[in-house]
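Structural features, examined
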Amino acid sequence: MFSLTSMAFSNYLSPYFYDYVCPEALPTIKRVVEDAVREERRMGASLLRLHFHDCFVQGCDASILLDQTETIDSEKTARPNNNSIRGFEVIDKIKSEVDKACGHPIVSCADIVAVAARDSVVALGGPSWEVQLGRRDSTTANRNMANNDIPPPFLDLPALINNFKNQGLDEKDLVALSGGHTLGFAQCFTFRDRIYNETNNIDSTFASQRQVDSPRSGGDSNLAPLDPTPLLFDSEYFSNLLCKKGLLHSDQALFSGGQTDNLVQIYSTNLGTFAKDFVESIIKMGNIKSLTGDQGQIRVNCRKVN
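As annotated in an unreviewed UniProt entry, the protein chain is Peroxidase from Nicotiana attenuata. Listed in UniProt under the heading Subcellular location (unreviewed entry), the comment for the protein chain reads: "Secreted". Per its UniProt entry, the protein chain bears the Function (unreviewed entry) comment "Removal of H(2)O(2), oxidation of toxic reductants, biosynthesis and degradation of lignin, suberization, auxin catabolism, response to environmental stresses such as wounding, pathogen attack and oxidative stress. These functions might be dependent on each isozyme/isoform in each plant tissue."

Okay, here's the thing in structure tokens:
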């Protein structure tokens, strides 16, 4: 009993955190994620993005899940997330099923978000990895930080490098984690300026094709794929950049004559190297400012503080 109690309040992350206290936790998360992705394959990309946007604000603490209250300045309405970030209902379903399997709330919402991201990547043909576990949930959210720290889609390479550096991530992490855009779609308002106003670093035919579904005005939420195979984890995202077909300005910035060009070229022809580096970088990202021990709490409802 002592070892179980001490494990529940560990000051470090471990992939084995729930092995004894609730061995059914990870299989339960995997089952719910697979069901959600089977129902809507786009949900895999959404759950991966949820992990990114969580970790870039206050660290990986599930602050992104908190709803607005008198004391919580919800990150859900921040510019990068408003009417864009999704997957909350899946997280709610996971939380309900995991608490049922474990008998009581022992698995944090922050860990659920991190594991769901891994299981989503696997469900869409990507690599697996051991998720470090034992995070605890924040009792605060920070909308201003979300507005300032989540990288917007119009950044140039120096600004992207600096943004990631502020999170303790280097240029390899930037390119590998940007490769998460091998999955999913973007809304028209995030790339409209690129397809209508950029001329230097964009394929003109590609721009014309994207303009069909993304008019100069209106249709802000119309979707376009981030790469040619948006429901499959592969290296097409990087091959696209070599052809000047990156959908977002910040995507194409990775291959624009700068110091990340070489990595983009390597990943475009070597899926194994990309997958290995992606795994290393997402584990590193998952360690950003994690709450452990008696910090934070284990939320009963992921949307609100206990």
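Description of the UniProt feature "binding site: heme b" (unreviewed entry) in the protein chain
As recorded in UniProt, the sites labelled "binding site: heme b" (unreviewed entry) are His-181. Mapped onto the elements, His-181 comes out in the loop between α8 (171-178) and β1 (185-187). Under the relative-accessibility criterion, His-181 is labelled partly exposed at 26%. With sequence-adjacent residues up to four places away left out, His-181 is seen in contact with Leu-226, Asp-227, Tyr-237, Leu-248 and Asp-251.

A closer look at the side chain of His-53
Turning to its location among the elements, His-53 is positioned in helix α3 (residues 42-55). Excluding residues within four positions of it along the chain, His-53 makes contact with Ile-64, Pro-80, Asn-81, Ile-85 and Ile-150.

Here's the deal with the UniProt feature "site: Transition state stabilizer" (unreviewed entry) in the protein chain
Here, the residues flagged by UniProt with the feature "site: Transition state stabilizer" (unreviewed entry) are Arg-49. For Arg-49, the position within the fold is in helix α3. For Arg-49, a relative accessible area of 28% corresponds to the partly exposed category. Non-local contacts of Arg-49, meaning those with residues more than four positions away in its chain, are made with Pro-80, Ser-84 and Ile-85.

Reading the values: the criteria
Residues numbered from 1 in each chain as written. Predicted model: local features only at pLDDT ≥ 70, side-chain atom pairs only at ≥ 80, totals over all residues. Heavy atoms only, no water. UniProt positions renumbered as here; feature names shortened; annotations may be inferred. Helix = DSSP H or I, 4+ residues; strand = E, 2+ residues; numbered from the N terminus. Buried < 20%, exposed > 50% of the residue type's maximum accessible area, 1.4 Å probe, protein only. Contact = heavy atoms within 4.5 Å.

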